[in-house]
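# Summary of the model geometry
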Amino acid sequence: MNKVFVIGLGAGDSGLITLKAYEILKGCDVVITPKSKLSPRSVALEIVKDIVEKDRIEFFNFPTTNDEGDLKEAYDREANRIKQLISQGKRVAYTTIGDVSIYSTFNYLSERLTHLGVDFEIVEGVPSFISLANRVKKPLVLKGESFAVVELKEGVDKIVRLFELVDTVVVMKIGGRIRQLFELIRSVKLEYAYLGSRLYLEGERIIDLMDAKQDEISDAYLSVAILKRLK
Ligand SMILES: C[S@@+](CC[C@H](N)C(=O)[O-])C[C@H]1O[C@@H](n2cnc3c(N)ncnc32)[C@H](O)[C@@H]1O
């Protein structure tokens, strides 16, 4: 089989892995879990560790840098590694957190795989913001409304202006930018605002941002926020 399965694992609860993904994960010889070079932990591994035995797991240590040379080197190497495994007749799955279509590291690999003649099949996962909306029991959109997904690094002013067009904004990749997150909250009249950190994983926090104080939150790594404007 000249293809790799690309599996969306959901935000952190292995119970949210689809049946289709589960069966593929169970049947693969190699399950690749990405891991940031800076972190000792792989979130993808945390999700699949009870489903996939250790000896079928292979890490992909990806760089968290904007250095084009480092990124190229790492993703070229990984694409070639996937091609090599497939050429050996191995069934291979590449895992990502949430859904593959949302800010996934796989997007660096897809073009390279196509260039190498390796096909891929994507299996959907539940995006982290869908999990947060459901954990706090708030619909992302009601009839007649719309929502947008942004990275916080896009800048607070741009996101504030977005509220002129949409009712709900999902803010991802918050990281250490707590000051900017609170600046955003103060800049828009909101009905509600929630932050979900490490959803479904050890250390999970769900915070009502309308009640929280900026200095109570030291960082928001692996965090997503949902902000709904007041009508
Ligand atoms: C590289 S992107 C991957 C997004 C993922 N594909 C998705 O569908 O949610 C990483 C960002 O996703 C969000 N995220 C992923 N998993 C999360 C979790 N368990 N809890 C909170 N946020 C999460 C955070 O905003 C994080 O900065």
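All residue numbers refer to positions counted from 1 along the written sequence of the respective chain. In keeping with the model being predicted, local features are shown solely for residues with a pLDDT of at least 70 and side-chain atom pairs are shown and tallied solely at 80 or more, while totals for entire chains, interfaces and linings include all residues. Each side-chain value is worked out from all heavy atoms of the structure, with water and hydrogens disregarded.

### A look at the sheet that holds strand S9 (residues 205–208)
Let me state the cut-off plainly: We call two strands paired when DSSP finds no fewer than two bridges between them. In this description a helix means any DSSP run of H or I spanning at least four residues, a strand means any run of E spanning at least two, and both kinds are numbered starting from the N terminus. Interaxial angle, 0 to 180 degrees, is taken between N-to-C directions of lines fitted to C-alpha atoms, where a helix line uses only the stretch in contact. Contact definition: two residues touch when any of their heavy atoms are within 4.5 Å.
Read across the sheet, 5 strands follow the order S6-S7-S10-S8-S9 without closing on themselves; strand pairing throughout is mixed. Where the open sheet ends on each side, the last strands, each with one partner, are strand S6 (147–151) and S9. Put simply, the sheet's adjacent strands are angled 15° from each other on average, direction ignored. Of the strand pairs in this sheet, strand S8 (residues 190–197) and S9 are connected by 4 bridges, and their pairing is antiparallel. By the bridge assignment for S9, Tyr-194 is matched with Asp-208. Each of S6, strand S7 (168–172), S8, S9 and strand S10 (223–229) touches helix H5 (residues 128–135); the most contacted strand, S10, lies at about 60° to it. Taken strand by strand, helix H7 (residues 178–187) contacts S7, S8 and S10, and its axis lies near 10° from that of S10.

### So, the domain arrangement of the chain
Cut-off, in case you're wondering: Domain extents, as shown, originate in an automatic or database domain assignment. Simply put, the buried area is the total loss of 1.4 Å probe accessible area from both parts when two parts are fitted together. When a carboxyl oxygen of Asp or Glu lies within 4 Å of a side-chain nitrogen of Lys or Arg, that pair is called a salt bridge.
Domain boundaries assigned for the chain yield domain 1 (3–123) and domain 2 (128–229). On a C-alpha basis, the centres of domain 1 and domain 2 stand 27 Å from each other. With 11 residues of domain 1 at the interface, the matching set in domain 2 holds 13 residues. Of the roughly 990 Å² buried between domain 1 and domain 2 on both sides combined, carbon and sulfur atoms contribute 66%. For domain 1, the biggest contributors to the area lost against domain 2 are Ala-11, Ile-102 and Tyr-103; these three give 49% of the whole. Joining domain 1 to domain 2, the criterion identifies 1 salt bridge. The residue Glu-46 makes a salt bridge to Arg-198 at a minimum N-O spacing of 3.0 Å.

### Observations concerning the sheet that holds strand S4 (residues 92–96)
With respect to topology, 5 strands assemble into an open sheet ordered S3-S2-S4-S1-S5, the strand pairing being parallel. Of all strands in the sheet, those bounded by a partner on one side alone are strand S3 (57–62) and strand S5 (119–123). On average, each strand axis in the sheet is tilted by 30° relative to the strand beside it, whichever way the strands run. Note that strand S1 (residues 3–8) and S4 share 5 bridges and pair parallel. In the sheet register, Val-6 faces S4, and the bridge partner there is Tyr-94.

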